[in-house]
Amino acid sequence: MYHQRTVVDWLQSGECIGGWGMSRSTGLRAPVRLVHPLSVVREERGWTYQDVVDIVAKPTRRSADRRKAWKWEHWGVEPDGESQAALAVELGVPMDEVHRLGWPGWLPDGGPVRTGFPWTRAGTLQALDDTLEHAMFDRRGFMKLGGGALVTLAGQWLTQHPEPVAAALAGGRIDAQLVADLEDGLPRLRRLEARLGGPRARHLLDAELDTVTGILKEASYTDEVGQRLLRLGAELGRLAGWSSFDAGLHAAAQRYWASGLRAAHTADDRALGANILKSLSLQCYDHGLFADSHALAAAAVDGAGEVTPRTLAMLLLRQARAAAACGDRTECDRLLSTAETQMARTNTGDDDPSWTGYFDTAEFHAQTAACHADLGRPRLAQRHYTTALDLMPATKRRDLATYTVQNARTHNALGNADHAVHLLETAIPMITAAPSQRNAARAAAARAELPLTAKDPKVQCLDQMLAKLAA
């Protein structure tokens, strides 16, 4: 599934986003994200934009201007019927499929993200294997699973009862100490992913997930050890999905999260599964699928079971953000109030899941600010963003960049474009230090909102910095 409103393309120059980039360390051309199903088609066939419009122009006798294909791919412009028919003939796609699926759904855009595995231990291992086989090579920068498919997956997670984890009897014996050693590595992996950014961390996380999956498949262990291994695989899948999401590789993120959700279900860890659904909800939010985002967030809250106040506040805020995006002020305010109450109940003695460690007071204020921004309350949003940035440690460079950019947008909404420019200039070095496609896209979107032209001296330096970041 491709949602046609993609991130703002920096100065309409999507070549740096959708094609090939030069590696500064090696000087070699390295593959980057494929931002549209047409990107996949061109990649697989070695077509340029000119090749695409030449194919279309020949039978239709239209002008062969390469900019038309670029707009189809980067601006969400839909080709007319004759152009689609000419392209379908070249690709061997029947016209009834073109009419049934519509643009760009009928384009052959790579293999599916499989979600139909059984909700059993065997099905979980099949899902993990499928993810490990395909996710690292999946460079699609668009959602392959639509919001409806994800909501269906969440419904299955809510209603299916996990089977007991039977002891595995084949292979070398795995004891609790080895599992503890693997679990001890999780805090380090979380810190590395947060500090280095998704593009740099995803290979390491995939390798760790491969190790745990191999043990689950080939070793012998007790029921208790098997459950811990599945929980570990689920959390590694969540982290690998998040790093892929941060890198703008949305289909790969869906692969990791779908298999991680299944592993959490088999381990009977409802809270961990809810946290994965929370990530899927945010992905739908980023793609403008607000109703689906809300349904996923609500399923996470409903299915989490007995959780700590901090965990519940975290899940409620995701639902509040989706409600705000849907324009439901009443529900959003109710959820914010409930989340604030839960956050006030947290204390150091709570047995919080380790993956809630990022959700501190600073993050609570930042998420609250995002809700107010979506509801058109920039002054309230600015107040919470300022508190969040004051409380956030310098080591959280990616989060600092995220909320500095978002704070710039609130200043701009309040008519303070000069300070918005300053904040964006402050954020760009943070994005460079902790690379994040999402943050780079946010910065470009914030620049596009400024009521200033490229000739304005206030933004010339900013534009140069953004152009360097995009390259």
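Below: a short report on this structure. (Residues numbered from 1 in each chain as written. Predicted model: local features only at pLDDT ≥ 70, side-chain atom pairs only at ≥ 80, totals over all residues. Heavy atoms only, no water.)

1. Points about helix α18 (residues 361–374)
- Between its terminal C-alpha atoms α18 stretches 20 Å, which fits the 20 Å expected from 14 residues at 1.5 Å a residue.
- The buried fraction of α18 is high, at 11 of 14 residues.
- Taken as a whole, α18 has its buried residues at Ala-362, Glu-363, Phe-364, His-365, Ala-366, Gln-367, Thr-368, Ala-369, Ala-370, Cys-371 and His-372.
- Buried positions along α18 lie against α16 (309–325), α17 (329–344), α19 (378–391) and α20 (397–413).
- The distance from a side-chain oxygen at the start of α18 to the backbone nitrogen of Ala-362 is 3.3 Å, and the residue carrying that oxygen is Asp-360.
- Remark: Gly-376 follows α18 within two positions and exhibits a positive phi of approximately 75°. (Helix = DSSP H or I, 4+ residues; strand = E, 2+ residues; numbered from the N terminus. Expected span 1.5 Å × (residues − 1). Buried < 20%, exposed > 50% of the residue type's maximum accessible area, 1.4 Å probe, protein only. Contact = heavy atoms within 4.5 Å. Polar contact = N/O pair within 3.5 Å; in protein donor to acceptor, adjacent residues only side chain to side chain.)

2. So, the environment of Asp-399
- Structurally, the position occupied by Asp-399 is in helix α20.
- C-alpha separation for the pair Asp-399 and Ala-274, spaced 125 residues apart in sequence, amounts to 22 Å.

3. What about the side chain of Gln-283?
- Along the chain, the position of Gln-283 falls in helix α14 (residues 270–286).
- For Gln-283, a relative accessible area of 0% corresponds to the buried category.
- A polar atom in the side chain of Gln-283 sits 3.3 Å from the side chain of Gln-254.
- Excluding anything up to four places from it in sequence, Gln-283 contacts Met-143, Leu-150, Phe-245, His-250, Ala-253, Gln-254 and Trp-257.

4. Some remarks on the nonpolar core
- Ranked by size, the top nonpolar core spans 51 residues in total, and within it Leu-150, Leu-261, Leu-277, Leu-296, Leu-315, Cys-332 and Phe-359 carry the most contacts.
- Of all the secondary structure elements, the ones that give two or more residues to this core are α8 (147–159), α12 (223–246), α13 (250–266), α14, α15 (290–303), α16, α17 and α18.
- Apart from residues lying up to four places away in sequence, Leu-261 is in contact with Trp-119, Leu-153, Trp-157, Gly-273, Ile-276 and Leu-277.
- If you look at the next biggest cluster of nonpolar residues, it comprises 30 residues, including Ala-381, Tyr-403, Ile-428 and Leu-450. (Core = buried A, V, L, I, M, F, W, Y, C linked by side-chain atoms within 4.5 Å.)

5. Here's the deal with the packing of aromatic side chains
- Counted under the stated rule, the structure contains 8 aromatic pairs.
- Plain terms: the ring middles of Trp-72 and Trp-103 are 6.4 Å apart, the flat faces sit at 70° to each other, and that makes the pair edge-to-face. One end of the pair, Trp-72, is in helix α4 (residues 66–74); the other, Trp-103, is in the loop between α6 (95–101) and α7 (121–134), with 31 residues separating them in the sequence.
- Exposure remark for Trp-103: the relative accessible area of 13% places this residue in the buried category.
- An aromatic cluster is present here, built from Trp-72, Trp-103 and Trp-106 joined pairwise through their rings.
- Of note, Arg-262 hangs over the ring of Trp-119, and the distance from its end group to the ring centre comes to 4.2 Å. (Phe/Tyr/Trp six-rings, centres within 6.5 Å; stacked < 30°, edge-to-face > 60°. Lys NZ or Arg CZ within 6 Å of the ring centre and 35° of its normal.)

6. What about unusual backbone geometry?
- Omega for the peptide link from Trp-103 to Pro-104 comes to -5°, which places this bond in the cis form.
- Residue position: Pro-104 is located in the loop between α6 and α7.
- Phi angles above zero are rare outside glycine, and Asp-268 is one such case at about 60°.
- Its place among the elements puts Asp-268 in the loop between α13 and α14.

7. Section: the environment of Asp-269
- On the secondary structure map, Asp-269 appears in the loop between α13 and α14.
- Taking relative accessible area as the criterion, Asp-269 reaches 16% and is therefore assigned buried.
- Spatially, the C-alpha atom of Asp-269 lies 9.9 Å from that of Arg-228, the residues being 41 residues apart in sequence.
- In this structure Asp-269 touches Arg-231 and Ala-264, once residues within four positions along its chain are discounted.

8. What to know about empty space enclosed by the protein
- Considering all chains together, one arrives at 1 cavity of 30 Å³ or more under this definition.
- Of the pockets and cavities examined, the largest cavity occupies roughly 70 Å³.
- Forming the walls of the largest cavity are Val-113, Arg-114, Phe-117, Ala-127, Asp-130, Thr-131, Arg-255, Ala-258, Ser-259 and Arg-262.
- Those elements that place two or more of their residues in the lining of the largest cavity are α7 and α13.
- With 4 residues, α13 is the single largest residue contributor to the lining of the largest cavity.
- For the lining of the largest cavity, a count of residues per class yields 4 nonpolar, 2 polar and 4 charged. (1 Å grid on protein atoms, 1.4 Å probe; cavity = no way out; pocket = protein on both sides within 12 Å on 5 of 7 lines; lining within 4 Å. Points joined across faces, edges and corners; volume = space filled by probe spheres on them. Nonpolar A, V, L, I, M, F, W, Y, C, P; charged D, E, K, R; others polar.)

9. A few points about the state of the cysteines
- Summed over the entire model, instances satisfying the criterion amount to 0 disulfides.
- No disulfide involves Cys-326; its nearest neighbouring cysteine sulfur is the one of Cys-332, lying 10 Å away. (Disulfide = S-S within 2.5 Å.)

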